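In case you want the letters, here they are:
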Amino acid sequence: MKKIFDILREQWVHRHLIWQLSIYQIKSQYANHYLGVFWNILQPAMQVLIYYIVFGMGLRGVRGDVGDIPFIIHLISGLFPWLFLSQGINAASNSIQSQLSLVTKMKFPSSTLISIAVVNNIINLLMTTVLIIVLSLWHGYSEPTHYLGFIYFLIASYSFIFAFGLIMSSLVIIIRDMKNVLQNIIRMFFFLTPIFWSLDGVHPVLQTITAFNPFAYLVMNYRHAFVLSEAPIYGDFGDHLYFWSLTLLLLYIGVHIHYRFRNKLIDYL
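In short, a report on the structure. (Residues numbered from 1 in each chain as written. Predicted model: local features only at pLDDT ≥ 70, side-chain atom pairs only at ≥ 80, totals over all residues. Heavy atoms only, no water.)

## Quick look at the overall build of the protein chain
Across its full length, the protein chain carries 11 helices and zero strands. Buried residues in the protein chain amount to 49% of all 269 residues. In the protein chain, of all internal contacts separated by at least 6 residues, the share reaching a separation of at least 24 is 77%. Put simply, the protein chain shows about 14,000 Å² of open surface, and 67% of that area lies on carbon and sulfur atoms. (Helix = DSSP H or I, 4+ residues; strand = E, 2+ residues; numbered from the N terminus. Buried < 20%, exposed > 50% of the residue type's maximum accessible area, 1.4 Å probe, protein only. Contact = heavy atoms within 4.5 Å. Areas by Shrake-Rupley, 256 points an atom, 1.4 Å probe, with all protein chains shown as cover.)

Next up, the structure:
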C-alpha cells in the first residue's frame with residue numbers, strides 16, 4: 001500500500017507540471033494546422049457521421065429512436081466518451097516509451113507521463129462534451145443537476161486509465177507484442193460496449209458481458225449524466241463495488257510493475 005500512496009503523491013506533487021505539459025502537448029500537436037484545436041471536435045464529428053450512416057441508417061433501417069432518445073443522440077453520447085477512453089488508454093500505455101529518452105537522461109518522474117496523457121485527453125473530451133451539454137439543455141434530455149455525474153465520470157475514468165496505463169506502459173516496452181494485443185482488446189471492447197446499441201432488449205449473454213465490462217460502466221455513466229433522466233450515476237451498489245474493486249486491483253498490480261521496471265526499461269530496448 002505504501003507504493004500506491006507514493007505514486008499518488010507523485011502525481012499530486014507534480015500536478016502543475018502535468019497540467020503545463022498537457023497544455024504544451026495540445027498546442028504543439030496542432031501548431032502547424034490551419035484549424036488548430038478545432039480538430040478535436042471535427043474528428044469525433046466525422047466519426048459520428050460515419051457510424052450514423054453505417055449503424056443508424058444502414059443496420060437499424062427505419063427503427064429510429066432508442067427509447068425516447070434519437071439514435072444520433074444515443075450514438076454521440078456513447079462515442080464521445082469511448083473515444084476519450086480508448087485514446088486515453090493508448091496514450092497512457094505508450095506514454096513512457098515515447099518519452100523514454102527523457103526518463104533515462106534526467107531525473108524525471110515517469111509515472112507523471114501517464115497522467116499527462118490522461119489530462120491531455122480530458123481537455124479534448126471537454127471540447128466535445130460542450131456539444132452534448134448544448135443538445136441536452138436544448139431538448140431537455142436530462143436535468144442540469146445530473147451533469148454533476150460528469151465529474152464522477154472523470155474521476156472514475158482517470159483512475160481506471162491511470163491504473164491500466166501503469167501496467168501497459170511497462171509491458172509494451174518489455175513485451176513488444178503487447179501493443180498489438182492492446183489494439184485488438186480495445187477493438188473487441190468497442191463492440192461489447194453499448195455505444196451504438198442499447199442495453200434494453202439485448203441477449204442475456206450480452207447483458208452479462210456488459211455487467212463485467214468496465215468500459216460499459218464508464219460510457220453509461222457519461223450517458224446518464226447528459227442524456228438519460230433516470231439518475232445522474234449509472235448502476236447499483238454491486239456495479240460500483242465491482243468497478244472500483246477492479247480499478248484498485250489494476251492499480252495495485254500496476255504500481256508494483258512500474259516500480260520494478262521503471263529504472264530498467266532502457267535495458268529492454
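## Some thoughts on the packing of aromatic side chains
Evaluated as defined, the whole model comprises 22 aromatic pairs. Taking the centre distance of 6.2 Å and the plane angle of 20 degrees together, the rings of Phe160 and Phe164 count as stacked. Of this pair, Phe160 and Phe164 both sit in helix H7 (residues 149-174), four residues apart, which is roughly one turn of the helix. For the pair Phe160 and Phe164, one class covers both residues: buried. Seen in terms of ring centroids, Phe160 and Phe215 are 5.6 Å apart; in terms of plane orientation they differ by 85 degrees. Their pairing is edge-to-face. (Phe/Tyr/Trp six-rings, centres within 6.5 Å; stacked < 30°, edge-to-face > 60°.)

## Concerning the nonpolar core
Among the nonpolar cores identified, the biggest contains 75 residues, and Trp82, Ile89, Phe150, Phe153, Leu218, Tyr222 and Phe226 are the most heavily contacted of them. A per-element tally of this core places H7 first, with 16 residues. With near-sequence residues (within four places) excluded, Phe153 lies in contact with Pro81, Phe84, Leu125, Leu218 and Tyr222. (Core = buried A, V, L, I, M, F, W, Y, C linked by side-chain atoms within 4.5 Å.)

## Details of the environment of Ser169
Turning to its location among the elements, Ser169 is positioned in helix H7. Given the relative accessible area of 0%, Ser169 is considered buried. As a C-alpha pair, Ser169 and Lys179 span 10 residues in sequence and 9.7 Å in three-dimensional space. Sequence-distant contacts of Ser169, defined by excluding residues within four places in its chain, comprise Ala92, Ser93, Ile96 and Ile114. Side-chain polar atoms of Ser169 contact the backbone oxygen of Leu166, separated by 3.3 Å. (Polar contact = N/O pair within 3.5 Å; in protein donor to acceptor, adjacent residues only side chain to side chain.)

## Quick word on the pattern of salt bridges
In the structure shown here, the tally under the stated rule is one salt bridge. Measuring nitrogen to oxygen at the nearest pair gives 2.6 Å for the salt bridge that ties Asp6 to Arg9. In this pair, Asp6 and Arg9 both sit in helix H1 (residues 2-13), three residues apart, roughly one turn of the helix. (Salt bridge = Lys/Arg side-chain N within 4 Å of Asp/Glu carboxyl O.)

## Things to note about the packing of helix H4 (residues 71-98) against H7
Between H4 and H7, the shortest axis-to-axis distance is 7 Å and the interhelical angle comes to 35 degrees. In terms of crossing hand, the pair formed by H4 and H7 is right-handed. Where H4 abuts H7, its residues Pro81, Phe84, Leu85, Gly88, Ile89, Ala92, Ser93, Asn94, Ile96 and Gln97 lie against Phe153, Ser157, Phe160, Ile161, Phe164, Gly165, Met168, Ser169, Val172 and Ile173. Of the residues in the contact of H4 with H7, the class split is 13 nonpolar, seven polar and no charged. (Axes fitted to C-alpha atoms, helices over the stretch in contact; angles between N-to-C directions. Left-handed = near helix turned anticlockwise from the far one by under 90°. Nonpolar A, V, L, I, M, F, W, Y, C, P; charged D, E, K, R; others polar.)

## Brief notes about the packing of H1 against helix H11 (residues 237-261)
It is at 9 Å that the axes of H1 and H11 come closest, and there the two elements cross at 80 degrees. Classified by the angle their axes make, H1 and H11 are roughly perpendicular. Of H11, the residues touching H1 (which contributes Lys3, Ile4, Asp6 and Ile7) are Leu251, Tyr252, Val255, His256, His258 and Tyr259. Split into classes, the residues belonging to the contact of H1 with H11 amount to six nonpolar, two polar and two charged. (Parallel < 35°, antiparallel > 145°, perpendicular 65-115°, else oblique.)

## Quick look at the environment of Phe261
Within the fold, Phe261 resides in helix H11. Looking at Phe261, the relative accessible area reads 15%, which means it is buried. In this structure, the C-alpha to C-alpha distance between Phe261 and Leu171, residues 90 residues apart in sequence, is 9.4 Å.

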